[in-house]
Structures are given as structure tokens and as C-alpha cells.
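# Structural features, examined
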Amino acid sequence: MNLTFTSNATALDHAFKVNGMTCASCVARVEKALQAVPGVESASLNLATERATVRATSATSLTSIHEAVENAGYSVPEEKIALSISGMTCASCVGRVEKALSKVPGVTSVSVNLATEKAQVGVASGVNPDVVMDAVRQAGYEAVLAENSGAKADGPALPPWWRAAAAGMLSLPLIVPMLVMPLGWDWSVPGWLQLLLATPVQFWLGARFYQAGWKALRAGAGNMDLLVAFGTSAAYGLSLYLLATHGSDDGMHHLYFESSAVIITLVLLGKWLEERAKHQTVAAIKALESLRATTAIVRRDGVDQEVPVTEVRHGDLFLVMPGGRVPVDGVIVEGNSHLDESLLTGESLPIAKTTGDTLTGGAMNADGALVAQATAVGSETTLSRIIRMVEDAQAVKAPIQRLVDRVSAVFVPVVLVLAVLTFISWGIASGNWEQALLNAVAVMVIACPCALGLATPTSIMVGTGTAARYGILIKDAEALETAHAVTVVAFDKTGTLTEGKPAVVAIESAGMPEPGVLQLASAVQQLSDHPLAKAVQAEVYSRAIAVPSATNAQALPGRGVQADIDGNTVFLGNGRMMHELGVVTNGLADAATGHEAAGRTVSWLALKGEHGVELVGILAFGDTLKPSARAAVARLSHMGIKSIMLTGDNAGAARVIAEAIGIADVRSGLLPADKSHVVTTLKQQGETVCFVGDGINDAIALAAADLGVAMATGSEVAMHTASITLMRGDPLLVSQAIDVSKRTYRKIRQNLGWAFIYNIVGIPMAALGYLNPVVAGAAMALSSVSVVANSLLLRRWQPTRDVEEL
């Protein structure tokens, strides 16, 4: 991709994208800059494709070529390469892979995840993925592009537990005599039989430790495999020496074949259990991927045909039958039904859908046949973007992981030094070099860098996956760390706490019953697309009121509308219209003033009859509160988090909403930059600020906040800017997002605390001779399993339903 080798061994062709060129003079400027780079033989640019092709000697670095472009005033965009890496066993491996990748010319960022065995590599445009993968291989690991990682190996596959099971069967006769010895039973196994049983465990089933350890040594580093290989080899070698020198003695020395064999068995068992648990951490991704439809029924030229979902194009008409899965995003053009979107939004109840409503790919159609038009296909569907966002969040490291990385970088060398010091110290102090070696072996096998490496990524994977199951998409690991410390939540009003569209909130009558006022108001504007007209129509529909037909309907710009209904002319409009018609409004003037003071829009309804134009009533329109808004603020308050409102609406409208939901701090009449300024001021006062919004005008404040939370029912800009996206426009999800973040961060601290304490306590105990190598091996095997198991407890998290549950 983008970088190809020519037939000339000393020259390379580099092809990459250049951003910022607008005309031929830009092309000339970039070409001149490139040709000035030492080693560049030729450079040509295509303005239409915005791509540069550069031939340079192999000694010319890609970095220097990109720097020349940037110095000329243009930019080379970054690309992402996702790799699947095999062979990593602990945090030390992660550090070595990251170090190797960081040295590749053109690599701008690296994040390696031990739990997923994936690497996200940011590279300048033009970097060949093969070069990146070669760097991983030279570090002692295997790497393939993530999209190719699903390829199956040839031949029959053995169950993943077979190595541990085989090692257990061979080790059992060695360990049983030790277990029954306290009972007074002497079931000693002859030395030659111990050798026969231990050797295949050591060098066949345990070969992976030697292979990985050797690769680490060649790369000038260490890992868990090296510790296991050294430790078990020392125990095996000591036993072999004792068998060779004392095998014919009646009082033969105790052999330690059981130590080496059982340690390897326990570590293999631990790795298998760890792998099983790690697979459960990606359950959320698997559940989301299972929602992808493989085929779609597409209507082309009036003919319905089933095609692979990859062949559906934007604008295609497609059918969704009852019980079928929606293949791609779309808009319903025909039909009514209920759809289950629970795995996408966390909403457990099926949602009613009709003509004009949107469909989300992956949702299940319940009862009605639907015809829809595709609005997003392939990687641009909502489901694809959700999966991508969750994967990205699970791939990126949390800031707290930096401490772990620094410790892991020196962990194995320090353990090896401590093992040598233990051996020498015990040997000199006691003269018992056999016991000294066993204590050194215990030091090597008790140390567990795996637990350190898995502590953070497994918690993040389970936490973000669980949150996604309930409609909370966490974009990156840093958002988790920030969310747990939030002290203030600043809400936008319109579309966040309110529905964001006008609704009829009050009807004041001047003698005619309320249903009659609604009936006339709906009739006079039944053909209008105005938002207020739609609000009236929705209210009429909800009350099942019959609407008479109207004739001679016409709009009166700046005033309102009029139409003839049942022989009478009906007027609906603003106060200016009533004044021009000479309508007496005194009877409802005070009510209208009160509604306007509360930020509502007032429409006056009048009827021309025998006695002139007379007032019939008024309709007050307002933005309705979301049902869960008050509970959302109450939950945040219960969690010790203050809520404030930042809105561009007038003070009256803002005050009414704030009082209804229990927010005391209200800032109204704000421009987008003003909202950002308020957020920045709060941060300067020491608050950790979360801003919640849904509109384009909220993007600045979302970016300025410590934590940005966007409603998926709002604009794309808001969602791209925010760190957390709520798939339902439900403000209750804000407290739930903070809650799951707190619990995830708590798991991270628990795991890291356990991993550090385990090593800080375990290694000195082994060095002091308090741990048998077999016990040390068992502890090491179980330490990483316990970390993953603790992370998996997050899967039990569910959104709280009442304040008392918090």
C-alpha cells in the first residue's frame, strides 16, 4: 500500500498523499522542496489526486521526505495500521513491541494492547505496512494485518487446553507422592521414571517458553517466558545432576523434577484460563458484530432480489421482512412496524417506526414489512461506526498505563538480578547451594509481569464493552479516567434536556372548548410544514380529534395563515395580525404575556363571523422537557456532582426548564463561544467539567470540557468532538456513563494494586526461602487469571433505575 520497491535495489518509490495543495504553483513548490532533499532522484505530484510519487535512494529516510513537504507549508496526513500480534505474554513484551515500532521511520504513534493482542500504529502516508510488520518480527514476535488475522491454519486444530492437559497427566505421578507423604505413605517414583515423565513436559510441552525466551534474549530484553525457562531449567538441571551423581545411592537425594514439570503445567493451565477469560472481555464486540446482516433484499427496476449486503449502494431501495434484520441504515418509505434496537441503543422495548422514520442497520424488525431507502452503507453505517469506536477505545492505552510501562521495562532484568543475588547470598550464608538454587528458582517463577500488563486493558475492554451494550459509547480510555473525577456537569438545554422541537403546552379558550380550538388551528394549517403546524397536528392526533377540510388557505408573511372552514374565515397568527384585524384581545392578554415571559411562542386564533372577527383562543408552544431530565439531575446530585445549564435561549424559557428539573445555576442567552468560556472558567476554578450537548453550536464547549458527552440524536459534529456518545437522547445516560466509568477505573486500581502488591510481597518471600518453587509457580499462574477475572465482574454492571440504587 503506498510504498513499492523498484527493480533497482538502491532506489525506492514512495507514494503518499499531500494535503493543502490548491493550484499548479503549489505543485511546483512541493516538487521543488522534495527534489532538494539529499538522495531524492525524482519527484512528481498530481494535483487532482493530491498524491506525490518520489524516487529516492534507500538511504533517504521517509521522515526527511515528509519534513520537506511540511517545511514547504503543506502536510502529509497520518494513516492507521491495525496489526494482530502473536507471541506476547506479558507487559515486558508490550514494551518491546512498542519500542521496536516507534523506531520505524514514519511511525508517529504506537499503542499495543496485551489483552487483545492488537497494535494501533499511526504512520505518515506512504509507510509500507510490511516495513512495520518486519519491525515486530525482528523484535521476536509475529504480526499480520488485523483484517487478515482471521485466516485459519491448515490441518486439524487441537483444543486449546491440550498442552495443559498433557502436561498435567505427565506431572501427576510426580506430584502425588508429595501430596500423600504427610499421610505416612511412601509412593516414591524411581529417578529414571521421573526423568522420563519430566523431560517431555520440559522440552516438548514447555518448548514455547524456550522459543519466546530466546527471541527475547536475541532482542536484548526479557519477558515472562524467559523467567519460566530459566527457573524450570535450573530445577530440571539440578535434578539431572543429582540423578547422575547419586542415582545409585540407597539414600538418593530428593529430585526436583516435579518442581520443573508442575511449574510448567501450572503456567500452561494459567495461560489457558487467561485466554478463556480474555475472550470473554471482547464479548461486546462479538455481540455487535453478530448484528451485521450478510444479505439484503434490494428492489431494482421493480424487481426484488437478494444480494450480499456489501453490494447495497447509497440510495437503493431495500425490503425488511417481519423477523428480518435491517441490513444498512435507511429511511422508511413504505410500511409500519416495531423494531428492536436494544443491542445498539440499550433500549429494551421495541420502537414503533413508520414512514419517514430512520432505520439503523442491525436492528430486528418485529411485525411489519418495510421498504426503506439506504442512507449509509458499508463502513459508514451506525453499527460499523459503533464497532469502530468501541474497538478504538479498547485499543488505546489509558494514561495510568504509563506507570505500568515504566515498571515493565525493567521488571524482568531486575527479577533476574534478584534471583542471582538470592542464589549467591543463600549459598554463601548457608553453604547449601542446592537450597540456594531452589530459592532462586522460586524468585524467577513467582514474578508475574503478566498481571501488570493485563490489569488496565482488560478492565477497559470489559468496561467499554458493557457500556456499549447499554447505549453508552466511550471513545477512548482517557475518557474513563476523566469521567470518574467529574465534579460539574454542564447541560445544554435544547435537544439535551428538552425534546428540541415545539409542542403545544397550553391552550387558552375565549369561550370555545379546547378541542374546538385545536380543531380549527389544525384545519387552517393542515397543509403547512411549519414546525408549529406540525406541533398542532401532533396534538390533534394524540387526542384523536377529527379535522375538517379547509379551502382558500393562504400564508400571510410575517403574520400567520388564514383559510375558510365551514363557510367561516379562520385566522391563526401573531399579535400583529390580531391588531391589524381589529380583534379585541383583552380577555387573554394576561395569559399570553405570562406564556411569553416563560419563553413560549403564542399563536392567536380568531374567527370571522356575523359580528366581525372575534377571538377564539390562544395556543402556547414550548419545548417539552424530556421525561428523564429531572431524574438525571437528581442522580447526579446524589453522586455529589453539581449540574448547571448553559443555553442560548432567553432567561424566561431557561428558568422554567431549570426549575422543573431542579437546576439552580442557569446561564442563558449564551453564544457558542460563551458556553466554552463558562466551561474554561469552571476548569480554572478547579472543577472537572463534563459538558453535555447535541448541536453543532455545542462543539466548542464539548472540546473545551474535560469530558464531552454528545447525544447521538444530535449532530455528527457534536459526536465527533465528544469523548462519549449516548446512543439514546436520554439525559439519564449521563449519570450512568459516569457510574460505569467510576466502576471501571476502580477495577483498574484494584488490578494494579493486586499486581504490584503480589510482586512486592511474593518476590521477597521467595528470596527469603518461604516459598516452594511449585507454590510460587501456582501463584504466578493464578495471578494474571485473577486480574482478568476481576475485570470480568464489570460485565454484571447494569444502569441504575432509581437514585437509591446508586
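Residues numbered from 1 in each chain as written. Predicted model: local features only at pLDDT ≥ 70, side-chain atom pairs only at ≥ 80, totals over all residues. Heavy atoms only, no water.

Just so we agree on the cut-off: UniProt positions are given in the numbering used here, feature names are shortened, and annotations may be inferred rather than shown by experiment.
Going by an unreviewed UniProt entry, the chain carries the name P-type Cu(2+) transporter and comes from Pseudoduganella umbonata. Quoted verbatim from the Catalytic activity (unreviewed entry) field of UniProt, the annotation for the chain is "Cu(2+)(in) + ATP + H2O = Cu(2+)(out) + ADP + phosphate + H(+)". Looking at the chain in UniProt, the text filed under Sequence similarities (unreviewed entry) is "Belongs to the cation transport ATPase (P-type) (TC 3.A.3) family. Type IB subfamily."

### Details of a nonpolar patch on the surface
Applicable threshold: Within this analysis, patches are made of residues with over 30% relative accessible area and no salt bridge. Like charges are joined at 9 Å or less; nonpolar side chains (Val, Leu, Ile, Met, Phe, Trp, Tyr) at 5 Å or less. Here the Shrake-Rupley method, with its probe set to 1.4 Å, supplies the accessible areas, and only the displayed protein chains count as covering residues. By salt bridge we mean one thing: a side-chain nitrogen of Lys or Arg within 4 Å of a carboxyl oxygen of Asp or Glu. Strands are runs of DSSP state E lasting at least two residues, helices are runs of H or I lasting at least four, and both sets are numbered from the N terminus onward. Under the scheme applied here, a residue whose accessible area is under 20% of the maximum for its type counts as buried, over 50% as exposed, and between as partly exposed, the area being computed with a 1.4 Å probe on protein chains only.
A cluster of nonpolar side chains, Ile-757, Ile-760, Val-761, Met-765, Leu-768 and Tyr-770, forms an exposed patch at the surface whose accessible area comes to about 630 Å². As for its placement among the helices and strands, Met-765 is situated in helix H26 (residues 732–767). Looking at Met-765, the relative accessible area reads 32%, which means it is partly exposed.

### Describing the nonpolar core
As a reminder of what qualifies: Side-chain atoms within 4.5 Å are what join buried Ala, Val, Leu, Ile, Met, Phe, Trp, Tyr and Cys residues into a set we call a nonpolar core. For this analysis, residues touch if any pair of their heavy atoms sits within 4.5 Å.
Judged by nonpolar contacts, the single largest core of 122 residues is most densely connected at Leu-83 and Val-489. Non-local contacts of Leu-83, meaning those with residues more than four positions away in its chain, are made with Glu-117, Lys-118, Ala-119, Val-121, Val-132, Met-133, Val-136, Val-144, Leu-145 and Ala-146. Ile-507, Val-540, Ile-565 and Leu-619 belong to the second largest nonpolar core, which has 22 residues in total.

### Some points on the sheet that holds strand S21 (residues 551–556)
One key point about sheets: their strands pair by backbone hydrogen bonds, in either a parallel or an antiparallel sense. Applicable threshold: DSSP bridges decide pairing: two strands pair if at least two such bridges lie between them. Angular values range over 0 to 180 degrees, each being the angle between N-to-C directions of two axes fitted as lines to C-alpha atoms, with helices fitted over their stretch in contact.
Here we have 6 strands laid out as an open sheet, ordered S20-S25-S24-S23-S22-S21, and antiparallel in their pairing. The strands lining the two open edges of the sheet, one partner per strand, are strand S20 (498–509) and S21. Averaged over all adjacent pairs, the angle separating strand axes in this sheet is 20°, with direction ignored. Judged from the 4 bridges that link them, S21 and strand S22 (residues 560–565) form a sheet pairing that is antiparallel. The residue of S22 that forms the bridge with Leu-556 is Gly-560. Packed on one face of the sheet, helix H18 (residues 531–543) meets S20, strand S24 (601–609) and strand S25 (612–625) and runs near 70° to S20.

### What to know about the environment of Leu-288
Residue position: Leu-288 is located in helix H10 (residues 283–289). The exposure class assigned to Leu-288 is buried, which follows from its relative accessible area of 5%. Leu-288 sits 177 residues away from Gly-465 along the chain, and the two C-alpha atoms are 9.6 Å apart.

### Observations regarding the packing of helix H1 (residues 24–35) against helix H2 (residues 62–71)
Condition: Every angle not falling under 35 degrees, over 145, or within 65 to 115 is termed oblique; those three ranges are roughly parallel, roughly antiparallel and roughly perpendicular. Take the far helix as your reference; a near helix turned counterclockwise from it by less than a right angle gives a left-handed crossing, and one turned clockwise gives a right-handed crossing. In this classification, the charged set is Asp, Glu, Lys and Arg, the nonpolar set is Ala, Val, Leu, Ile, Met, Phe, Trp, Tyr, Cys and Pro, and all remaining amino acids, among them Gly, are polar.
Direction vectors running N to C along H1 and H2 enclose 140°, while the axes themselves pass 9 Å from each other. If you check the angle between H1 and H2, you find them oblique. In the packing of H1 onto H2, the handedness of the crossing is right-handed. Along the contact surface, H1 presents Val-30, Ala-33 and Leu-34, while H2 presents Ile-65, Ala-68 and Val-69. Here the residues of the contact of H1 with H2 are counted per class, giving 6 nonpolar, no polar and no charged.

### Examining the UniProt feature "transmembrane region" (unreviewed entry) in the chain
In the numbering used here, UniProt assigns the "transmembrane region" (unreviewed entry) feature to residues 191–210, 222–243, 255–273, 407–429, 435–455, 752–771 and 777–794. In residues 191–210, the share of helix is 95% and the share of strand is 0%. The end C-alpha atoms are 24 Å apart. For residues 752–771, the end-to-end C-alpha separation is 23 Å, with 80% helix and 0% strand making up the annotated structure.

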